[in-house]
Amino acid sequence: RARDIVIVSGGTLIFKAVINQVNNLYVHILNIYFKIEPKSQEIVEEFAFGEIYYKVLLFILVVVLAPFVEEYIFRYYIYDKLLLGRMPSVAAAIISAALFTMLHFNISGIPTFFGLGLYCTYIYEKRGFYGAVTAHLVSNLVTATFLII
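Notes on the structure in this doc start here. (Residues numbered from 1 in each chain as written. Predicted model: local features only at pLDDT ≥ 70, side-chain atom pairs only at ≥ 80, totals over all residues. Heavy atoms only, no water.)

### Notes on the packing of helix α3 (residues 52-83) against helix α5 (residues 110-127)
For any two helices packed against each other, the geometry comes down to the angle between their axes and how far apart the axes lie. One way to put it is that α3 packs onto α5 with a least axis distance of 11 Å and a crossing angle of 70°. Looking at the two axes, α3 sits roughly perpendicular to α5. Here the hand of the crossing between α3 and α5 comes out right-handed. Residues Glu71, Arg75, Tyr76, Tyr79 and Asp80 of α3 form the contact with α5, whose own contacting residues are Gly117, Cys120, Thr121, Tyr124 and Glu125. A breakdown of the residues in the contact of α3 with α5 according to their chemical character gives four nonpolar, two polar and four charged. (Axes fitted to C-alpha atoms, helices over the stretch in contact; angles between N-to-C directions. Helix = DSSP H or I, 4+ residues; strand = E, 2+ residues; numbered from the N terminus. Parallel < 35°, antiparallel > 145°, perpendicular 65-115°, else oblique. Left-handed = near helix turned anticlockwise from the far one by under 90°. Contact = heavy atoms within 4.5 Å. Nonpolar A, V, L, I, M, F, W, Y, C, P; charged D, E, K, R; others polar.)

Following this line, the structure appears as structure tokens:
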């Protein structure tokens, strides 16, 4: 429903603003206290500096395809079908979010990916699969838009 899309999208924008600040603090701590200079994902570099045709292809993959595929794998299959019947929902959510985070292979984005995994699990529980896809899509759309401009 349109109302659900607006609610999930608005909540995701707020979530994204907060998690970006948490992630910035995390990267700062890694840099200052641990002398680790985290690198961006390769896809971030491609979005920022790639050719326009490549950016369009990445945009379609990241903003449209990835939310459906990743939500199916991590929320529907791993969280719901594989883990939820075997353990408390909080444990299942943490495990699926941790696996989602590891899939992205990026130390500098750990808070963002883990937070998005937990947030999408919450939305999955409240609004269903398409709610989680919408949240993931909006999150990726915001990131892609900022990288392109």
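Text resumes after the structure shown.
### Side note on the packing of helix α4 (residues 89-103) against α5
At a minimum axis separation of 8 Å, α4 and α5 run at an interaxial angle of 140°. One way to sum up the angle between α4 and α5 is to call them oblique. The crossing of α4 and α5 is right-handed. Each of Ala93, Ile94, Ser96, Ala97, Ala98, Phe100 and Thr101 in α4 lies in contact with α5, whose residues at this interface are Ile110, Phe113, Phe114, Leu116, Gly117, Leu118 and Thr121.

### A short note on the side chain of Thr112
Tracing the sequence through the fold places Thr112 in helix α5. The exposure class assigned to Thr112 is buried, which follows from its relative accessible area of 13%. Among all residues touching Thr112, those that are not within four sequence positions of it are Lys16, Ile19, Asn20 and Asn23. (Buried < 20%, exposed > 50% of the residue type's maximum accessible area, 1.4 Å probe, protein only.)

### Some points on helix α1 (residues 2-34)
Between its first and last C-alpha atoms α1 spans 46 Å; for 33 residues at 1.5 Å apiece the expected length is 48 Å, and the two agree. Considered for burial, the residues of α1 that qualify are Asp4, Val8, Ser9, Thr12, Phe15, Lys16, Ile19, Asn23 and Leu30. Against the buried residues of α1 lie α5 and α6 (129-148). Residue Lys35 follows α1 closely and has a positive phi angle near 55°. (Expected span 1.5 Å × (residues − 1).)

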